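The chain contents come next:
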Amino acid sequence: MYLEHLELVDYRNYAELRLELEPGAYILAGDNAQGKSNICEAIRLLATMRSFRAGSERELIRWGAPNGFTRVRALVRQAAGPLKMEIVISAPPMLGEYDGVGYLDQLTPPAASGMHKKIRVNDAPRRALDCVGLVTVVLFEPTDLDLVSGTPQGRRHFMDVTLCQISRGYCRALSQYQKILTQRAALLRRIRDNLDEPGSLHYWDEQLAQQAVPIIVERSSLITRCLPTADEFARQLGGKSLTLEYQPSFAIPVDQSVPAARFALMERLAALRKREIIQGVNLIGPHRDDLAFFEGPVNLGIFGSRGQQRTAALALKIAELAAIETETGDQPILVLDDVLSELDPTRQAALTHRIRTVSQVFLTSADPETMPPDFHMWATRLQVRRGTIQPI
Amino acid sequence: MQKIAAPIQGLIEEFAKLPGIGPKTAQRLTFFLLRSPEDQVTRLADALRRLKTDIVTCSTCFNIAASDPCAICGDPERDQSLICVVEEPLDVLAIEKTGIFRGTFHVLHGALSPVEGIGPKDLRIEELIQRARTTDLREIILATNPNYEGDYTATHIAQALQPSAIKITRLARGLPLGGDLEYADEGTLARALEGRRTFE
């Protein structure tokens, strides 16, 4: 799939931007703080309905935007046909802002809450959860280079974001699972403080097992599918063999049925009962899973060099691209935010060669001259300057 | 910086505390009342005051009412052996609107939620169990909301009532009337499939 039209209104530092695009590669060149990553963020927003950078969605609205909202519109060409998407995020007026009646002063409640997000797909309003993954985007940003050495949370996030774009069911299970975890943890602490009875946990064990099992199964299958591509690309990058190992905190044997797995998980929870109550936390489940990278017997997260870790992270991202394509039958849009400059020339060359087959790629760079020369031959260069984009 | 007279500002602030009312609507309501005839404003003020002075909680079903027992619990036409358990007084209204329920209610005043610190003792659950022991009951319908908190509450009550000969039921869940299959979300549709019934 590819973006044919992207329109931003009052998004970050863009007052108004209209881009007509074609399949192929785009280099977004520009100095720091000109708005390169903001474009990446907006494209990613189309896939995940959430920003990968903003703490609060208020940050997405341009500072001083007259109407207190931001709008992202896109026309995406997909194998299945064109897809029109519109995301409008609005905020209640803040202190000192004009709200149409007068300037608000002490009357205004704290303005942190009350963000509104309205989504329209092909002109029909839709819920955010139902729109995740309609457009698929694989994003690679500098922090992803730390995927291998970073926190397990980062690796779980990788699995979740990938799977949410592939499977609506996964997205829903994950969102339910989060709710269950929160209630269950609170209940564990209440039991510890003698405010509730241990028997109350049974209901939450059941719910937890019901949502956890499909999450574990899907993650496991994702990593299995990523393995061949990741290994192949790691070798192209000059590495040796790469193995990915999904490490669930509760493992499900391949041949086990879903009801049997649920039952086994509930038994395990019952066995952990005392410890969980004493600690007041959920001790097993997908929120405790991890993903490990091996070169032969060597765990790269622990013993790998910085270069090996980067190679593995890059290989995983390329594998993600392939996995989403296989699953959805359409190639995701690839966004490489300031990543190329972090790689040595050999890896840059291998990566730029690999992405030639991707239907649409966006690369940002503060210093595009350092990119492999042949890449300039077939990529379109756009200059990003203070919230505007011009072809070069 | 005071731009508006204190009584007006005070009312705007009070309105703004209400659910669904933002600062702008609060201003609009206040100025509307300012321009309204005095008797209309007085009627509103009286209605507000009576909300607290003339309202009691029914000691049987714990619904808010004008008298104790409430109109439903005191109605001899109502089937006293049938109790519909709901979370909030508004749920009573919703079920009453159907016009097909002839039993009585029990209002829990919330749902169990460990995160919000709401445990069994914070709801009218013990009262329900007492009621089940002292009344000759045929059936208890658990009509808590179809979400985790509501389900958890229903499960908790069902367990607390055991062992018992009373029939315990839960509201069916599935497709809304007049709805379109293609617009139903997967979760609802799955529940509707699970809960399908023989065609009669």
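Computed from a predicted model, the values in this text were never measured in an experiment. (Residues numbered from 1 in each chain as written. Chains lettered and ligands numbered in written order. Predicted model: local features only at pLDDT ≥ 70, side-chain atom pairs only at ≥ 80, totals over all residues. Heavy atoms only, no water.)

(A) Region of interest: the interface of chain A and chain B. With 25 residues of chain A in contact, the opposing surface of chain B contributes 26 residues. Between chain A and chain B the total buried area reaches about 2,200 Å² when both faces are included, carbon and sulfur atoms providing 55% of it. The tally of links from chain A across to chain B stands at zero salt bridges. Scanning the region where chain A abuts chain B turns up seven residue pairs in polar contact (both at pLDDT 80 or more). (Contact = heavy atoms within 4.5 Å. Buried area = accessible area lost by both parts, 1.4 Å probe. Salt bridge = Lys/Arg side-chain N within 4 Å of Asp/Glu carboxyl O. Polar contact = N/O pair within 3.5 Å; in protein donor to acceptor, adjacent residues only side chain to side chain.)

(B) Focus on helix α3 (residues 38-53) of chain B. Its 16 residues place the ends of α3(B) 22 Å apart at the C-alpha level, agreeing with the 22 Å of an ideal helix rising 1.5 Å per residue. In terms of residue burial, α3(B) counts as a barely covered element, since only zero of its 16 residues are buried. (Helix = DSSP H or I, 4+ residues; strand = E, 2+ residues; numbered from the N terminus. Expected span 1.5 Å × (residues − 1). Buried < 20%, exposed > 50% of the residue type's maximum accessible area, 1.4 Å probe, protein only.)

(C) Structural view of the sheet that holds strand β14 (residues 379-385) of chain A. All names here are of chain A. Taken in spatial order, the six strands make up an open sheet running β8-β12-β13-β3-β14-β15, and their pairing is mixed. Across the chains shown, the open sheet's two edge strands, defined by having one partner strand only, are β8 (137-140) and β15 (388-391). For this sheet the average axis-to-axis angle between neighbouring strands, irrespective of direction, equals 20°. Note that strand β12 (residues 333-337) and strand β13 (residues 360-365) share four bridges and pair parallel. In the sheet register, leucine 334 faces β13, and the bridge partner there is valine 361. Strands in contact with helix α9 (residues 306-328) are β8 and β12; relative to β8, the strand with the most contacts, it is inclined by about 175°. (Pairing = 2+ DSSP bridges. Axes fitted to C-alpha atoms, helices over the stretch in contact; angles between N-to-C directions.)

(D) The layout of surface pockets, seen in detail. In this structure, the largest pocket occupies an estimated 1,600 Å³ of space. What lines the largest pocket is a set of 48 residues, and nearest its centre among them are B:Pro146, B:Asp151, B:Arg173, B:Gly187 and B:Arg191. Those elements giving two or more residues to the lining of the largest pocket turn out to be α2 (128-131), α4 (168-192), α5 (201-236) and α6 (258-271) of chain A together with β3 (79-86), α4 (89-98), α6 (148-160) and α7 (186-194) of chain B. Grouping the constituent residues of the lining of the largest pocket by class yields 20 nonpolar, 13 polar and 15 charged. Here the second largest pocket defines a volume of roughly 1,300 Å³. Contributing to the lining of the second largest pocket are 42 residues, with A:Arg50, A:His157, A:Asp160, A:Val161 and A:Leu174 lying nearest its centre. Within the residue set of the lining of the second largest pocket, elements represented by two or more residues are α1 (36-48), α2, α3 (152-166) and α4 of chain A. With nine residues, α3(A) is the largest single contributor of residues to the lining of the second largest pocket. Within the lining of the second largest pocket, the residues separate by chemical class into 16 nonpolar, 14 polar and twelve charged. (1 Å grid on protein atoms, 1.4 Å probe; cavity = no way out; pocket = protein on both sides within 12 Å on 5 of 7 lines; lining within 4 Å. Points joined across faces, edges and corners; volume = space filled by probe spheres on them. Nonpolar A, V, L, I, M, F, W, Y, C, P; charged D, E, K, R; others polar.)

(E) Structural detail: the sheet that holds strand β6 (residues 167-170) of chain B. Residues and elements named next belong to chain B. In space, the four strands of this open sheet follow the order β4-β3-β5-β6, with parallel pairing throughout. Bordering the open sheet on either side are β4 (103-107) and β6, each of which pairs with just one other strand. Geometrically, the sheet is characterised by an average inter-axis angle of 25° between neighbouring strands, direction not taken into account. Taken together, the four bridges between β3 and strand β5 (residues 139-142) define a ladder with parallel strand orientation. For isoleucine 83, the partnering residue across the bridge sits in β5 and is isoleucine 140. Where α4 meets the sheet, its contacts fall on β3 and β4, and the angle it forms with β4 comes to roughly 160°. Docked against the sheet, α6 engages β3, β5 and β6, running at close to 175° with respect to β6.

(F) A look at the domain arrangement of chain B. Taken domain by domain, chain B holds domain 1 (6-54) and domain 2 (70-181 + 186-192). One C-alpha centre belongs to domain 1 of chain B, the other to domain 2 of chain B; they are set 35 Å apart. (Domains from an automatic or database assignment.)

(G) Focus on the packing of α5(A) against α6(A). All names here are of chain A. Contact pair α5 / α6: the axes reach a minimum separation of 9 Å and the direction vectors enclose 135°. Taken together, the axes of α5 and α6 lie oblique to each other. Crossing of α5 over α6 shows right-handed handedness. On α6, the residues touching His202, Asp205, Glu206, Leu208, Ala209, Gln210, Ala212 and Val213 of α5 are Val258, Ala261, Arg262, Leu265, Met266 and Leu269. Taken together, the residues of the contact of α5 with α6 break down into nine nonpolar, two polar and three charged. (Parallel < 35°, antiparallel > 145°, perpendicular 65-115°, else oblique. Left-handed = near helix turned anticlockwise from the far one by under 90°.)

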